[in-house]
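Tertiary structure, described
Here is how the chains run, residue by residue.
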Amino acid sequence: RDRPDDKRVLVIGLGRFGSSLALELVNRGWEVLGLDSNPRLVQTYADALTHTVVADVTDEEALKQIGAAQYARAVVAIGSHLEESILATSLLVDMGVPSIWAKATNRRHGRILEQVGADHVVLPEHDMGERVAHLLSGRMLDYVVLDAGFALGKTRAPRSLLGRTLRETRVRQQYGITVVSVKRVGASFTYATQETVLHKGDVIVVAGRTDDVERFAEST
Ligand code: ADP
């Protein structure tokens with residue numbers, strides 16, 4: 001049932017998050033069953049998704065009838081209705097769905113979903129808020145935290161690194177970060193090597209500990 005080639009997923013809640021996710025999965029060739037208690041929303045996505053159904057997901061019988069237990073993956077995309085989100089997650093766990101993704105509106109909600117048995121909890125508003133804070137206050141052009149304490153940052157090549165190979169700049173020893181890729185003006189990103197020479201206007205992607213990445217970006 002948990003075959004990697006099983007491209008079927010149950011998406012519960014077709015709000016802004018759930019519908020974007022469901023549509024993108026369909027674009028990527030997945031078979032999506034979209035479910036919402038709101039008939040108007042179900043109607044809206046009936047043509048775009050593989051299957052849609054109007055159902056209250058906190059109703060165990062309804063979930064069984066839909067065949068939720070047959071799915072290897074399910075997403076609980078109910079954010080603002082805390083109780084429904086927890087109940088739905090817990091029912092899917094009871095039914096033995098092997099991989100459950102759940103959206104939380106805040107950390108506390110996320111912790112509860114994990115305790116109930118969600119395998120992956122996402123916090124879109126929280127994460128995006130943090131990301132925008134970094135972009136707004138710092139000098140980074142883009143920024144993503146991969147794991148607690150580890151980040152990728154996109155930034156302009158600092159003047160101190162121009163005109164020499166990355167090996168010569170000893171950037172890793174100096175800042176604790178690794179230059180992963182480089183984008184010349186008008187070109188696209190390519191891998192950086194020890195022999196890469198940075199030029200004025202280059203945009204680079206660096207990886208490292210979050211505070212090192214930030215310190216590096218501030219030096220640009
Ligand atoms: P977003 O912020 O992504 O728009 P919302 O939390 O506002 O997310 O939307 C969640 C969706 O989940 C809504 O469309 C709502 O109708 C649906 N929903 C809420 N409770 C249930 C439930 N018990 N069963 C099925 N769908 C539900």
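First things first, this report covers the structure right here in the doc. Just so it is clear, the model here is predicted, and its values are computed rather than measured.

Another point: the nonpolar core. Counting 32 residues, the largest nonpolar core has Val 9, Leu 10, Val 11, Ile 12, Ala 74, Val 75 and Val 76 as its most contacted members. Secondary-structure elements contributing two or more residues to this core are β1 (8–12), α1 (16–27), β2 (31–36), β4 (73–76), α4 (82–94), β5 (99–103) and α5 (107–116). Not counting residues up to four positions away in its chain, the partners in contact with Val 75 are Val 9, Val 11, Ile 12, Gly 18, Leu 21 and Trp 101. Grouped together as the second largest cluster of nonpolar side chains are 17 residues, Met 140, Tyr 143, Leu 198 and Val 206 included.

The next thing to look at is the packing of α4 against α5. Following both chains from N to C, one finds α4 and α5 inclined at 20°, their axes separated by 9 Å at the closest point. One element, α4, and the other, α5, form an angle in the roughly parallel class. For the pair α4 and α5, the sense of crossing is right-handed. On α5, the residues that touch Leu 82, Ile 86, Thr 89, Ser 90 and Val 93 of α4 are His 109, Ile 112, Leu 113 and Val 116. Residues that form the contact of α4 with α5 fall into these classes: six nonpolar, three polar and no charged.

Taken together, 18 residues form the shell around the ligand, and within it Gly 13, Gly 15, Arg 16, Phe 17 and Gly 79 come nearest. A per-element tally of the shell around the ligand places α1 first, with three residues. Here the shell around the ligand is built from residues that sort into five nonpolar, nine polar and four charged.

Analysis parameters
Residues numbered from 1 in each chain as written. Predicted model: local features only at pLDDT ≥ 70, side-chain atom pairs only at ≥ 80, totals over all residues. Core = buried A, V, L, I, M, F, W, Y, C linked by C-beta atoms within 7 Å. Buried ≥ 20, exposed ≤ 12 C-beta atoms within 10 Å, placed from the backbone. Helix = DSSP H or I, 4+ residues; strand = E, 2+ residues; numbered from the N terminus. Contact = placed C-beta atoms within 7 Å. Axes fitted to C-alpha atoms, helices over the stretch in contact; angles between N-to-C directions. Parallel < 35°, antiparallel > 145°, perpendicular 65-115°, else oblique. Left-handed = near helix turned anticlockwise from the far one by under 90°. Nonpolar A, V, L, I, M, F, W, Y, C, P; charged D, E, K, R; others polar. Near = placed C-beta within 6 Å.

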